[in-house]
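Results of the structural survey
If you want the building blocks of each chain, they are given just below.
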Amino acid sequence: MIKSMRQSTLQTLGLGTVLEIFKNGKLPVESGEIIEQVFGRPDERGCLVISGANGIVGAGKAMQLGSRLEPFNVPVVGIDFPGVPDGINRKYQGLVGTFGKKGADRIMANVIRLSYDGGNLPKKLKEFKPRFLLEAIPEILDIKKNHYELFRKNFPGIEIRSVTSGFPGSELGVTIAHPAFPHEINKIWEIVEPEPSDITKLLWALGLVPIPVSDNWSFVLDVLFCGITLAALRYHETTNMPFWKIDKYVRKFIGPNPFRAHDAIGAAGANFLTWSCLHHLSNAYGQLFEPTAYVVERKESGQNWYPLNHFRPLVNWSLNDKEQDEFLSWIQGPLFQMASLLLYERRSHLSHINAIGELCAQFTNGVIADMRRTGPNSTIKRVESYHKLYPEAAKASWFPDVFEKMDEPDWQQLYVNAEHDGSTGVITIGRESYNSDVDSELNRAIDWFHAEGIKNVIVTGDFHLSTQMVGADTRDFFPALKRVEEGIRISSSWSKTARRLHDEFKVSVGYINGKRCLGGFLELLMHCHYLISVEDARLGMPEVTLPVVPGMEGCHWSFRKTNNENRDKILKLLLEGEQVSAKDAVGWLIDYAGSLTDSLQIVWKIAAGKDHGLLKRDVKEDALNEISFDIKLQPADNPGMEVARNAIIETIRDACSTDLVNALSTQAKHSAEFMISDTCKKGRIGTEFKRLMDV
């Protein structure tokens, strides 16, 4: 029996646990087999139909799904009205940039476009044997329902999914697959269905991220995104602060630019969708969601929130502390109240709600993580302060009792989960960038394993919400730009967490299953006794390009695990910032790279104490005095990178010339001192700090 800290999000897809993936040595569903279940055998293969294929959503999904279905000879048939703007062809250059011209041409050749009049399907469509309809037509209920009947009449048994932003399935009469914007890039799909279906498993097998949500108005994403837009509008109506300025403050404290995002999506369509979601939510849940006059006006006009050729005034101003606190009451107050509704109705797994906020609505921290940081009492007080500013919201849906469970694992382990079978455990990380929340949750997972008596552990991504590991969340470094003590604290504490993987387990295995593992995440995983990867993953230490000095022991730990002949490769990795393929890093950075199946099986053999044939690369605890810096490097891209190279060389020299015990504090000091330098402040992190926080 498998025991876990909390339910794995993978289980919500009907795909079992992550530990079972390693025990079975394969994924729970393979793309080839699920393609056959949905679209039929190769000799009778049917097609995917996208209706409204020239619209923003339809064209984006035609590219995203078309690129993944083309290798399996599944045609994508796009249908739309004659004469509408050609949204599909506008995506061609994006395909070329990703797949090259030959690949783009091959994908486009597999996308067939047909016109229809809305009342009759084109006769030619039958030749392609439609098996799955993805409906992306306008948000008008009667039109949608008639559309489904038309397809069911012509193709009985066809699978139908609506991309609707707001209508629940109970209104539409079909299940939902609502994709997040931008549609050709974002992999998140909100899924509404009674049980996990083959369509959901198909999306997962194709490398997309389906997230089950309950069948309520606007699901999760549009409650959060339309909700924060509405909150910003209420603040505008009260203060007359211009939209661009409100966007700057929302971006500073929460993350997104709600008004600019509407313009980027296309104000005419986005304004209507926001009004539609808020209109139906207000009918169901009251004044908390009541659209303002601006929303009603602009859903008719389609006017941009930022005027064309807009420029910001040269004379700027800032809110004082009291005004900022009131601003947060206007923005966080309704957001927290709306989140209480999501929790009360159990609209999704808490990790799902949190991830949707981060990955789709562009929140810096998901709303659940934000409320956890705020604490239950302060969260409730923030909502109550909003009610004083906007008393009508106090009469609407508000469920403060949901915050009483904030100490439970579902709340406390939003990003990191742990599972074990009594002898072997797996830690899964479901966030693509490492931050202080992940660090705290990772420590709690390690503590839980100790309490459970688990000595062998695998550390990996979660096979669901996180498809890559891109390194540290640089916003966590903002305080370190001003105070060296903050830099030392972050570097030291994160490094101590990483060392626990090496020091506190009999066997630890890091596993890279995504498309890349960079920076802080690579530093974390290299602390495991063994590091295994799928062969097509890309590995790298891009800190020198930011520029910063690696802070999780990358400047000495990797050298201590590698013989002298290979240390020049680590130097180039650190000093050039280029990525290497996993298969080229075996023996000096990682221990094995192979196919997905082979690498899974090797990981399990190591973690379960079976014969695996790999030699453990021990960490040398004494000082390393023989490192040579006499290597040829590519020219630095800019002066800041050259300064960072010298700082990294000094860090390597000092951290390697002491013993393992003292190396941690040595590297932390170097990393922190570079963080407060002018070079760092003029680099990517300092520039981002100024852009986001200097309002």
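Residues numbered from 1 in each chain as written. Predicted model: local features only at pLDDT ≥ 70, side-chain atom pairs only at ≥ 80, totals over all residues. Heavy atoms only, no water.

Okay, the state of the cysteines next. In a disulfide, the sulfur atoms of two cysteines are covalently bonded to one another. Applying the stated rule across the entire model yields zero disulfides. Here cysteine 555 is not cross-linked by a disulfide; its sulfur's nearest cysteine counterpart is in cysteine 656, at 8.1 Å. Cysteine 555 sits in the buried class, given a relative accessible area of 0%. Between cysteine 680, a cysteine without a disulfide, and cysteine 555, which holds the nearest cysteine sulfur, the sulfur-to-sulfur distance is 14 Å. Given a relative accessible area of 0%, cysteine 680 falls into the buried group. (Disulfide = S-S within 2.5 Å. Buried < 20%, exposed > 50% of the residue type's maximum accessible area, 1.4 Å probe, protein only.)

The geometry of helix 18 (residues 436-452) relative to helix 19 (residues 484-503) is characterised by a closest axis approach of 10 Å and an angle of 30 degrees between their N-to-C directions. Judged by the inter-axis angle, helix 18 sits roughly parallel to helix 19. Remark: the crossing between helix 18 and helix 19 carries left-handed chirality. Contacts from Ser436, Asp439, Leu442, Asn443, Ile446, Asp447 and His450 of helix 18 reach helix 19 at Ser493, Trp494, Thr497, Arg500 and Leu501. Looking at the contact of helix 18 with helix 19 residue by residue, the classes come out as four nonpolar, five polar and three charged. (Axes fitted to C-alpha atoms, helices over the stretch in contact; angles between N-to-C directions. Helix = DSSP H or I, 4+ residues; strand = E, 2+ residues; numbered from the N terminus. Parallel < 35°, antiparallel > 145°, perpendicular 65-115°, else oblique. Left-handed = near helix turned anticlockwise from the far one by under 90°. Contact = heavy atoms within 4.5 Å. Nonpolar A, V, L, I, M, F, W, Y, C, P; charged D, E, K, R; others polar.)

Quick look at the sheet that holds strand 19 (residues 580-581) now. An order of 16-18-19 is seen for the three strands of this open sheet, with the pairing classed as mixed. Strands at the two margins of the open sheet, each flanked by one partner only, are strand 16 (516-518) and strand 19. (Pairing = 2+ DSSP bridges.)

What follows covers the domain arrangement of the chain. Looking at the chain, the domain boundaries give domain 1 (40-212), domain 2 (220-410) and domain 3 (415-693). On a C-alpha basis, the centroid separation for the pair domain 1 and domain 3 is 40 Å. If you look at the interface, domain 1 gives five residues, while domain 3 gives five residues. Applying the counting criterion to the domain 1 and domain 3 interface returns zero salt bridges. Here domain 1 is connected to domain 3 by two residue pairs in polar contact (both at pLDDT 80 or more). Here the side of domain 1 that touches domain 3 takes three residues from strand 9 (residues 209-212), the largest share from any one element. (Domains from an automatic or database assignment. Salt bridge = Lys/Arg side-chain N within 4 Å of Asp/Glu carboxyl O. Polar contact = N/O pair within 3.5 Å; in protein donor to acceptor, adjacent residues only side chain to side chain.)

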